[in-house]
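Report on the structure
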Number of protein chains: 2
Amino acid sequence: MSEILKAHINKFVTVNDEEFEAILSYFQFKRISKKDNLLEEGQICKSNLFVLHGVLRKFFINDKGTEQTTEFAIEQWWMSDTFSFINQSTTEFYIQTVENTELLYIDKVDYEKLLETHPVMEKHFRCIYQKAYAAAQMRIKFLYDYSREELYYHFLKAQPEFLQRVPQYLIASYLNFTPEYLSEIRKKGIS
Amino acid sequence: MSEILKAHINKFVTVNDEEFEAILSYFQFKRISKKDNLLEEGQICKSNLFVLHGVLRKFFINDKGTEQTTEFAIEQWWMSDTFSFINQSTTEFYIQTVENTELLYIDKVDYEKLLETHPVMEKHFRCIYQKAYAAAQMRIKFLYDYSREELYYHFLKAQPEFLQRVPQYLIASYLNFTPEYLSEIRKKGIS
DNA sequence: CGAAAATTTGACATGACTCAACTGGAGTGG
DNA sequence: CCACTCCAGTTGAGTCATGTCAAATTTTCG
């Protein structure tokens, strides 16, 4: 179970079993069923989530009342509203399970304690955030560069694993277009 | 001059004069005039730039041959193609000066040496990238949530300092619309 | 099996782009 | 200091990608 976190951490830094146990003690475990909210608009994002099994999505509700998905997370991904988490300010996002999900999470205070007591985690999170930021920059580029249709094909190619696990209307939401338009694109594609 | 970097670093961590001198020794100084390129498509982003005075922008050229600005940097901001920098892969971006600019920069190898020899910098960059990632997440949200017109007004409110320093057509490019359309919005706004 | 949820279809609407032409101001050179 | 050029910004007409809305169809799942 927690082996997943251990493997994840050892991608960027080296921690032995003993130190890992100490690190792990800052985390808590949770099992939640499909479509449950882990975070809701107006709350403070108290914890940083690490997915062991399952799928999460982050979304907000726009002025038309539509849910806009901005992010998915599967195994070995971190999920939080980073802005709300680091500033402990209220969030505009929801975080919800797409499937039954098992995760580890760490609260803000424990996160800070962890970083103090285990400097190796400074490096770990520096690497994680550096990589996440690089990915976000690329994503912003795609949003500038691609039409909706191109975004769809790029998504298919880059993240095929989601297609099996996430319903179409959530993919449409993630790609920032209507289910109707996605439907149209798919029809065109098949021919 | 380098006081600017010192002040910046001391926002997140504490380094005394002596340690700062050691840290500074990993950086190099450069002065470049308006409209010069610091990075071009196809190159590898060898260094991470820190602006002392001036303005930088990052852009790519789309298939229609238009420059698409994705990022500005002013005093005390870092600029690089993070993806290209961390993987030392070829970039699709240009980094160009908008004004005459003075900056400090650190090459990838020196960046890694710096992190090894000065663990305090792990924390510094963890904080920097964490914040940058949070900002990128918010920016992605705005790109999902706002119409072009709303993006413009949001930009006006959030980054008024750019209006004075950056020509309109670059702002249009940054907001991902045509100069003509920006013109239309401004006309509407004045009435 | 039936109800609710997801997906598709089609008619119509619109935000934003394209292209071409015009205006005005900032340099530059004679 | 004028004339000329060049580039940024504006205007307007026409167009297209994508959205809206309503209804039909298919799938999911209790």
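A few points on the structure. All of these numbers come straight from a predicted model, not from anything done at the bench. (Residues numbered from 1 in each chain as written. Chains lettered and ligands numbered in written order. Predicted model: local features only at pLDDT ≥ 70, side-chain atom pairs only at ≥ 80, totals over all residues. Heavy atoms only, no water.)

1. Some words on the overall build of chain A
Scanning chain A for helices and strands turns up nine helices and eight strands. For 191 residues, the compact-globule estimate of 2.2 N^0.38 gives 16 Å, and chain A sits close to it at 18 Å. For chain A, with 191 residues in total, the buried portion stands at 52%. Sequence separation of 24 or more characterises 71% of the internal contacts of chain A that already satisfy a separation of 6 or more. A total of about 9300 Å² of accessible surface is found on chain A, and carbon and sulfur atoms cover 50% of it. Chain A carries 23 positive and 27 negative side-chain charges, and their two centres are separated by 6 Å. (Helix = DSSP H or I, 4+ residues; strand = E, 2+ residues; numbered from the N terminus. Rg over C-alpha atoms; globule rule 2.2 N^0.38 Å. Buried < 20%, exposed > 50% of the residue type's maximum accessible area, 1.4 Å probe, protein only. Contact = heavy atoms within 4.5 Å. Areas by Shrake-Rupley, 256 points an atom, 1.4 Å probe, with all protein chains shown as cover. Lys, Arg positive; Asp, Glu negative; His and termini not counted. Charge placed at Lys NZ, Arg CZ, Asp CG, Glu CD.)

2. Quick look at the nonpolar core
A:Leu5, A:Phe27, B:Leu5 and B:Phe27 are the most contacted members of the largest nonpolar core, which has 125 residues in total. Sorting elements by how many residues they give to this core places helix α5 (residues 120-145) of chain B first, with 13 residues. (Core = buried A, V, L, I, M, F, W, Y, C linked by side-chain atoms within 4.5 Å.)

3. Examining the sheet that holds strand β3 (residues 47-53) of chain B
Residue and element names in this part refer to chain B. Strand order across the open sheet formed by four strands is β1-β8-β3-β6, with antiparallel pairing between neighbours. Single-partner strands in this sheet number two, and they are β1 (28-32) and β6 (78-79). Bridge count for β3 against strand β8 (residues 101-107) is six bridges, and the pairing is antiparallel. Paired with Ser47 across the two strands is Asp107, which belongs to β8. (Pairing = 2+ DSSP bridges.)

4. A word on the pairing of strand β3 (residues 47-53) of chain A
Residue and element names in this part refer to chain A. Within β3, six of the seven residues are buried, leaving the element largely enclosed by the surrounding structure. Note: β3 against strand β6 (residues 78-79), two bridges, orientation antiparallel. Along β6, the bridge assignment pairs Phe50 with Trp78.

5. Section: the relation of the copies chain B and chain A
For the pair chain B and chain A, the superposition axis carries a translation of 0.0 Å, the fit reaches an RMSD of 0.0 Å, and the rotation angle comes to 180°. The transformation just described matches what one would write down for a two-fold rotation axis. Within chain B, the C-alpha atom positioned nearest to the axis of rotation is that of B:Arg126, 2.0 Å from it. Of all interface residues in chain B, 100% are interface residues in chain A too; the two copies therefore contact each other through one and the same surface. (Least-squares fit on C-alpha atoms with pLDDT ≥ 70 in both.)

6. Considerations on the protein's contact with DNA strand D
Around DNA strand D there are 14 residues in total, and A:Tyr181, B:Gln168, B:Tyr169, B:Ser183 and B:Lys187 lie nearest to it. The separation between a phosphate oxygen of DNA strand D and a polar main-chain atom of A:Arg148 is 3.0 Å. Secondary-structure elements contributing two or more residues to the surface near DNA strand D are α9 (179-190) of chain A together with α8 (168-174) and α9 (179-190) of chain B. Considering each element in turn, the surface near DNA strand D owes the most residues, four residues, to α9(B). Residue composition of the surface near DNA strand D, by class: three nonpolar, five polar and six charged. (Near = heavy atom within 4 Å. Polar contact = N/O pair within 3.5 Å; in protein donor to acceptor, adjacent residues only side chain to side chain. Nonpolar A, V, L, I, M, F, W, Y, C, P; charged D, E, K, R; others polar.)

7. Here's the deal with the packing of aromatic side chains
If you walk through the whole model with that rule in mind, you get 34 aromatic pairs over all chains. When the ring of B:Phe27 is compared with that of B:Trp78, the centres are 6.2 Å apart and the planes differ by 45°; the resulting orientation is tilted. A residue pair is termed long-range when its members are at least 10 positions apart, and B:Phe27 in the loop between α2 (17-24) and β1 and B:Trp78 in strand β6 qualify at 51 residues. Overall, B:Phe27 belongs to the buried group, its relative accessible area being 8%. Against the face of A:Tyr105 rests A:Lys30, its NZ or CZ located 5.2 Å from the ring centre. (Phe/Tyr/Trp six-rings, centres within 6.5 Å; stacked < 30°, edge-to-face > 60°. Lys NZ or Arg CZ within 6 Å of the ring centre and 35° of its normal.)

8. Remarks on the environment of A:Glu149
Residue and element names in this part refer to chain A. As for its placement among the helices and strands, Glu149 is situated in helix α6 (residues 148-158). Residues Glu149 and Pro167 lie 18 residues apart in sequence; the distance between their C-alpha atoms is 18 Å. Polar side-chain contacts of Glu149 include one of 3.0 Å to the side chain of Lys188.

9. What about the interface of chain B and chain A?
Opposite the 39 residues of chain B that make contact, chain A presents 39 residues. Taking both partners together, chain B and chain A bury about 3600 Å²; carbon and sulfur atoms supply 64% of that area. Of all residues in chain B, the largest losses of buried area upon contact with chain A belong to B:Arg126, B:Tyr133 and B:Tyr144, amounting jointly to 22% of the total for that side. Our count for the chain B to chain A interface comes out at four salt bridges. Salt-bridge contacts for A:Glu122 lead to B:Arg126; the nearest nitrogen and oxygen are separated by 2.7 Å. Summed over the shared surface of chain B and chain A, the result is 16 residue pairs in polar contact (both at pLDDT 80 or more). Listing elements by their share of the side of chain B that touches chain A, those giving two or more residues are β4 (56-61), β5 (67-73), α3 (82-87), α4 (108-117), α5 and α8 of chain B. For the side of chain B that touches chain A, the leading source of residues is α5(B), giving 19 residues. The residue inventory of the side of chain B that touches chain A, partitioned by class, reads 17 nonpolar, ten polar and twelve charged. (Buried area = accessible area lost by both parts, 1.4 Å probe. Salt bridge = Lys/Arg side-chain N within 4 Å of Asp/Glu carboxyl O.)

10. A few points about the protein's contact with DNA strand C
Close to DNA strand C lie 15 residues; A:Gln168, A:Tyr169, A:Ser183, A:Lys187 and B:Tyr181 are nearest. Within 4 Å of the protein, the contacting atoms of DNA strand C are drawn from sugar and phosphate to the extent of 79%. A:Gln168 has a polar backbone atom sitting 3.1 Å from a phosphate oxygen of DNA strand C. Between DNA strand C and the protein, one listed contact pairs a base nitrogen with a side-chain N or O atom of B:Glu180 at 3.2 Å. Elements with a minimum of two residues in the surface near DNA strand C: α8 (168-174) and α9 of chain A together with α9 of chain B. Of the residues belonging to the surface near DNA strand C, the class tally is three nonpolar, five polar and seven charged.

Keep in mind these values describe shape, not function.
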